[in-house]
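Fold and contact review
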Amino acid sequence: MTPITNPATKPATERASKTLHGTPVVPGVVFAPAVLAATAVDPAAIAAYTGPDDAEEALSSFNQAAAAVSDGLEKKAAAAAGAAAEVLHATAGLARDKGLRGAVATNVRGGASLLPAVRAAVEQFVGAFTQIGGLMAERVTDLLDVEKRLVATIVGVPEPGIPTPEVPSVLLAEDLAPADTAGLDPSLILALVTERGGPTSHTAIIARQLGLPCVVGVRDLLDVAAGTDVLVDGAAGTVEVSPDADDAAARVAADREVRARIDAWNGPAATADGVGIKVLANVGDRESAEAAAAGPVDGSGLFRTELCFLNTTVEPSVEEQAVVYAAVLGAFGAERPVVVRTLDAGSDKPIAYATQADEENPALGVRGLRLSLHNPDLLLRQLDAIALAARGTGTEPWVMAPMVATVDEAATFAAEVRKRGLKPGVMIEIPAAALHAARILEVVDFVSIGTNDLTQYTMAADRMATDLAHLTDAWQPAVLELIRITAEAGRAADKPVGVCGEAAADPLLATVLVGLGVTSLSMAGAAVRAVGAQLATVTSDDCRRAADAALSAADPAGARSAAQQALASSR
Ligand code: PEP
Ligand code: MG
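Residues numbered from 1 in each chain as written. Chains lettered and ligands numbered in written order. Predicted model: local features only at pLDDT ≥ 70, side-chain atom pairs only at ≥ 80, totals over all residues. Heavy atoms only, no water.

Our focus in this paragraph is the sheet that holds strand β9 (residues 278–283). Reading around the barrel, the 8 strands line up as β9-β10-β11-β12-β13-β14-β15-β16 and close back on themselves, with parallel pairing between neighbours. Within this sheet the neighbouring strands show an average axis-to-axis angle of 25°, counted without direction. Across 4 bridges, the pairing between β9 and strand β16 (residues 520–523) is parallel. Of the residues in β16, the one forming a bridge with lysine 278 is serine 520. (Pairing = 2+ DSSP bridges. Helix = DSSP H or I, 4+ residues; strand = E, 2+ residues; numbered from the N terminus. Axes fitted to C-alpha atoms, helices over the stretch in contact; angles between N-to-C directions.)

What follows covers the packing of helix α22 (residues 540–552) against helix α23 (residues 556–569). Relative to each other, α22 and α23 sit at 150°, their axes nearing to 8 Å. In this view, α22 runs roughly antiparallel relative to α23, as classed from their interaxial angle. α22 and α23 meet at a crossing whose hand is right-handed. Where α22 approaches α23, its residues Asp542, Arg545, Ala546, Ala549 and Ala550 are matched on the opposing element by Ala559, Ala562, Ala563, Ala566 and Leu567. For the contact of α22 with α23, the per-class residue count stands at 8 nonpolar, no polar and 2 charged. (Parallel < 35°, antiparallel > 145°, perpendicular 65-115°, else oblique. Left-handed = near helix turned anticlockwise from the far one by under 90°. Contact = heavy atoms within 4.5 Å. Nonpolar A, V, L, I, M, F, W, Y, C, P; charged D, E, K, R; others polar.)

Let's shift gears to the nonpolar core. With 97 residues, the main nonpolar core has Phe413, Ile483, Val512, Leu513 and Leu521 as its most contacted residues. At 8 residues, helix α14 (residues 376–393) tops the list of elements feeding residues into this core. Once residues lying within four places of it in the same chain are set aside, the contact partners of isoleucine 483 are Ile449, Thr451, Leu454, Leu513, Leu516 and Val518. The next biggest cluster of nonpolar side chains, apart from the first, holds 36 residues, and it includes Ala58, Ala65, Leu73 and Val155. (Core = buried A, V, L, I, M, F, W, Y, C linked by side-chain atoms within 4.5 Å. Buried < 20%, exposed > 50% of the residue type's maximum accessible area, 1.4 Å probe, protein only.)

This next bit is on unusual backbone geometry. Between glycine 267 and the following residue, proline 268, the backbone shows a cis peptide bond with an omega angle of -10°. Located in the positive-phi region is methionine 403, a residue other than glycine, with phi close to 55°. By the element assignment, methionine 403 lies in the loop between β12 (398–401) and α15 (407–419). The phi torsion at aspartate 494 lies on the positive side, around 55°, for a residue other than glycine. Checked against the element boundaries, aspartate 494 lands in the loop between α19 (477–493) and β15 (497–499).

Moving on: the packing of helix α12 (residues 318–332) against α14. One way to put it is that α12 packs onto α14 with a least axis distance of 8 Å and a crossing angle of 50°. By the angle between their axes, α12 is oblique relative to α14. Crossing handedness for the pair α12 and α14: right-handed. Residues Val318, Glu319, Gln321, Ala322, Tyr325, Ala326, Leu329 and Gly330 of α12 form the contact with α14, whose participating residues are Arg381, Gln382, Asp384, Ala385, Ile386, Leu388, Ala389, Ala390 and Thr393.

This brings us to the confidence of the model for the chain. Overall, the predicted model of the chain reaches an average pLDDT of 90, with 94% of residues at or above 70. Across residues 1–16 the pLDDT falls below 50, and counting only partners more than four positions away or on other chains, this stretch makes 43 contacts in the model. (pLDDT = per-residue confidence, 0-100.)

Here the focus is the domain arrangement of the chain. Looking at the chain, the domain boundaries give domain 1 (12–38 + 162–261), domain 2 (43–155) and domain 3 (270–568). For domain 1 and domain 3, the distance between their C-alpha centroids amounts to 30 Å. Domain 1 puts 6 residues into the contact, and the matching count from domain 3 is 7 residues. Of the roughly 590 Å² buried between domain 1 and domain 3, counting both surfaces, carbon and sulfur atoms make up 59%. Between the two partners, domain 1 and domain 3, sit 0 residue pairs in polar contact (both at pLDDT 80 or more). For the side of domain 1 that touches domain 3, the residue count by class is no nonpolar, 4 polar and 2 charged. (Domains from an automatic or database assignment. Buried area = accessible area lost by both parts, 1.4 Å probe. Polar contact = N/O pair within 3.5 Å; in protein donor to acceptor, adjacent residues only side chain to side chain.)

Moving on, we get to the site of ligand 1. The full set close to ligand 1 counts 15 residues, and Arg304, Arg341, Lys349, Asn452 and Arg463 are the nearest of them. A distance of 2.7 Å is found between an oxygen atom of ligand 1 and a side-chain nitrogen or oxygen belonging to arginine 304. In the model, an oxygen atom of ligand 1 is placed 2.7 Å from a nitrogen or oxygen of the arginine 463 side chain. Protein contact buries 99% of the 290 Å² of open area that ligand 1 shows by itself. Secondary-structure elements contributing two or more residues to the shell around ligand 1 are β10 (300–304) and α18 (451–459). At 3 residues, the largest contribution of residues to the shell around ligand 1 is made by α18. (Near = heavy atom within 4 Å. Areas by Shrake-Rupley, 256 points an atom, 1.4 Å probe, with all protein chains shown as cover.)

Taken together, the protein ligands of the magnesium ion (ligand 2) are Glu429 (OE) and Asp453 (OD), with distances of 2.1 to 2.2 Å. On the criterion of sequence distance, the pair formed by glutamate 429 in the loop between β13 (423–428) and α16 (431–435) and aspartate 453 in helix α18 is long-range, its members being 24 residues apart. Each of the two residues, glutamate 429 as well as aspartate 453, counts as buried. (Donors = N, O, S within 2.8 Å, 3.2 Å for Na, K, Ca; no water.)

Let's shift gears to the sheet that holds strand β5 (residues 189–194). The strands that make up a sheet pair up through hydrogen bonds in the backbone, lying either parallel or antiparallel. Spatially, 8 strands are ordered β1-β8-β7-β3-β4-β5-β6-β2 in an open sheet, and the strand pairing comes out mixed. In the strand order of this sheet, the two ends are held by β1 (18–21) and β2 (23–26), each with one partner. Sheet twist, expressed as the average angle between the axes of neighbouring strands with direction ignored, equals 30°. As paired elements, β2 and strand β6 (residues 214–216) share 3 bridges and run antiparallel to each other. Paired with proline 24 across the bridge in β6 is valine 215. Running at roughly 120° to strand β3 (residues 29–36), helix α10 (residues 245–264) makes contact with β3, β7 (229–233) and β8 (238–241) of the sheet.

Set out below in structure tokens:
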């Protein structure tokens, strides 16, 4: 059988005229003319704008513009669904944010004219968001998008955005805000490519939701002229500019064949020689759990409980929490277990009632299980709530802690989980925990590797930093080595070792993970079929060969191509 990742992703250097490289986000091959997003407000309109002299009049213009922009975004939110609706609603909130309005008021009352006053106020918040880092830093794109819309409205020109192309096209942009992507017509915009942004940017989230092939972080992208034919490969992370048309058409056709096989895959997941692998979904609330449970998954390998409480200021009672957890457990039922992760608050996921304030370096600070150091009852109440939800739904969830560094932490956590009749595990996302996986597995029943953080901490590179995307790549051989150590410990202890980071969603990497000895893969629901279909095309020996090849490589690109070659040569 043809491997899923091969026909459409043969190394670009074998063919192309000019190939740009970025971070792959959503697989799929598209060949179409480029259309460029208008991301700037017409400079002539800005230059011609004089604005009111009086500070109060200027402020009233700002308030009217803020209301108009916010209303427009809320309308888009109402017409969108799921994650798109949520981010649009949040962006509308930024437009009418009191803090922003206050900063603009201070500036105009201090003598600035309106547009510079808006610029300075936005810059003040950009600085604050960037300093907080993590998810807040990702909101900088949304804030700058709101600024452009405010400026366009103030000077009386249409808000910048995406043109409606006459023929199906590939959208190229510096970066895309949710407001741009939410109204996309997927019959006219076939793929998204951005110069900025990482795999967790809003462009990436929306592209995954719409199932549009997507590559982000592509250097020199905006040198491509509108109308130029481009071949986007969302699995390889490449954009070929003016490729040979016949070659491009053949690759699109090969990709279509692969997609058809993916769409037809219905589980259960197993390698071609019949070794079963649990393929699971990552979920964050009832909605995502119900959507995932409708697909061919064996359960959930990661229920990120903190996502239920991002906007909650006061800790919900045990009973209130139990209702929230029961909705997710109930969606999968008694036959398909859910791995509930206790609060991973802090760093990129601030939770008002749990996160430690004013940390110098939150990613290395009091996040995840470490919150119990100062507030042990927070964890105990959450465990009580999970136990209550389990009883109420007649399910047997597994429960794991994030950010575990030592055997002691794992043992203390496991004792509390067992007291409540639940099955304890921990996440392996700190190199120290991977190195001591064998000892940790003496005190817990399972482990799950969080490759997003394991990569961040192994490579000492912020997982949100676009400039460090070459380091924050789970294909880094050093990261694969830590996964190998962990999986080996699981095999020796005869206990499950899952992967629940983004790595599990990459079909080629999934074969490597299985080859390393991982027993379950948990991923965004949208990735499940591609991973399941890929595993069906390879034997467990193929997986081991791909894993060995990747481990011996020098860097992520080398690891990818070594794994691909190992699979190709075994056919
Ligand atoms: C991870 O770190 O890989 C993980 C699954 O946890 P999160 O992405 O929620 O930090
Ligand atoms: Mg993590």
